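What follows is each chain in one-letter form.
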Amino acid sequence: QVQLVESGGGSVQTGGSLRLSCAASGRAFTPGAMGWFRQAPGKEREFVAAIRWRSSQLYADSVKGRFTISRDTVGNTVYLQMDSLKPEDTAVYYCAGRSRGFGTIMADYDSWGQGTQVTVST
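Residues numbered from 1 in each chain as written. Predicted model: local features only at pLDDT ≥ 70, side-chain atom pairs only at ≥ 80, totals over all residues. Heavy atoms only, no water.

Visitor: Explain the environment of Gly8 here, please?
Guide: Structurally, the position occupied by Gly8 is in the loop between strand 1 (2-7) and strand 2 (10-13). Taking relative accessible area as the criterion, Gly8 reaches 32% and is therefore assigned partly exposed. As a C-alpha pair, Gly8 and Tyr59 span 51 residues in sequence and 20 Å in three-dimensional space. Not counting the four nearest positions on each side in its chain, Gly8 is found in contact with Leu18, Arg19 and Leu20. (Helix = DSSP H or I, 4+ residues; strand = E, 2+ residues; numbered from the N terminus. Buried < 20%, exposed > 50% of the residue type's maximum accessible area, 1.4 Å probe, protein only. Contact = heavy atoms within 4.5 Å.)

Structure representation (structure tokens):
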């Protein structure tokens, strides 16, 4: 069983920054890609960013230029640096992993964390 554990959520004011972390543990797990999704109250979960090993990256248009995804050298910890935060970034952020492939489709990710709350106030 693979576990993904997020940390780093919290509350900030508009324009502030937060860094989310996600650590994978459990059976041998070498994800082909890891990503972040978010779900705001009353809305569907949406793609935020993804990274394949330490190279290719994908971002939602709404976060491009403000968020940066990265992975550690081993590859089992992924980070999401969030700068210039806006109230519309308020959501529960979920870490996800997939053993193969790379993309933005939620259904293609087979491992999920429990989520961490990010709240951005005006």
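Resuming the write-up.
Visitor: Looking at this structure, how should I read the nonpolar core?
Guide: Among the nonpolar cores identified, the biggest contains 31 residues, and Trp36, Val48, Phe67, Val78, Leu80, Met82 and Tyr93 are the most heavily contacted of them. For this core, the elements supplying multiple residues, two or more each, are strand 1, strand 3 (18-26), strand 4 (33-39), strand 5 (46-51), strand 7 (67-71), strand 8 (77-82), strand 9 (91-98) and strand 11 (116-121). In terms of residue count, strand 5 provides more of this core than any other element does, five residues in total. (Core = buried A, V, L, I, M, F, W, Y, C linked by side-chain atoms within 4.5 Å.)

Visitor: Please clarify how the state of the cysteines should be interpreted in this entry.
Guide: Here a disulfide denotes a covalent bond joining the sulfur atom of one cysteine to the sulfur atom of another. Scanning the entire structure with this criterion turns up one disulfide. The disulfide partner of Cys22 is Cys95, and the gap between their sulfur atoms is 2.0 Å. Here the S-S torsion is close to -80°, and the disulfide linking Cys22 with Cys95 is therefore left-handed. With Cys22 in strand 3 and Cys95 in strand 9, the pair connects residues that are 73 residues apart, well separated along the chain. (Disulfide = S-S within 2.5 Å.)

Visitor: Can you help me understand the pairing of strand 9 in this one?
Guide: Regular strands show a simple pattern: their side chains alternate between the two faces of the sheet. In terms of burial, strand 9 is largely enclosed, as seven of its eight residues are buried. Here strand 4 pairs with strand 9 via seven bridges, running antiparallel. The residue bridging Ala33 from the neighbouring strand is Arg98, located in strand 9. Relative to strand 11, strand 9 runs antiparallel, the two being bridged by three bridges. Of the residues in strand 11, the one forming a bridge with Tyr93 is Thr116. As paired elements, strand 9 and strand 10 (residues 111-112) share two bridges and run antiparallel to each other. Each residue of the ladder has a partner; that of Gly97, found in strand 10, is Ser111. (Pairing = 2+ DSSP bridges.)

Visitor: Mind showing me how you'd approach the pattern of salt bridges here?
Guide: Side chains that carry opposite charge are capable of pairing whenever their charged atoms lie near each other. Within the structure shown, the criterion is met by five salt bridges. Between Arg38 and Asp89 there is a salt bridge, with the nearest N and O atoms lying 2.9 Å from each other. Of the two residues, Arg38 is situated in strand 4 and Asp89 in the loop between strand 8 and strand 9; the sequence distance between them amounts to 51 residues. An identical accessibility class is assigned to Arg38 and Asp89; each is buried. For Arg98, the salt bridge is made with Asp108, and the minimal N-O distance between the two is 4.0 Å. In this pair, Arg98 sits in strand 9 while Asp108 sits in the loop between strand 9 and strand 10, placing the two residues ten residues apart along the sequence. Classification of Arg98 by relative accessible area gives buried; the value is 8%. (Salt bridge = Lys/Arg side-chain N within 4 Å of Asp/Glu carboxyl O.)

These results come straight from atomic positions and should not be treated as a statement about function.
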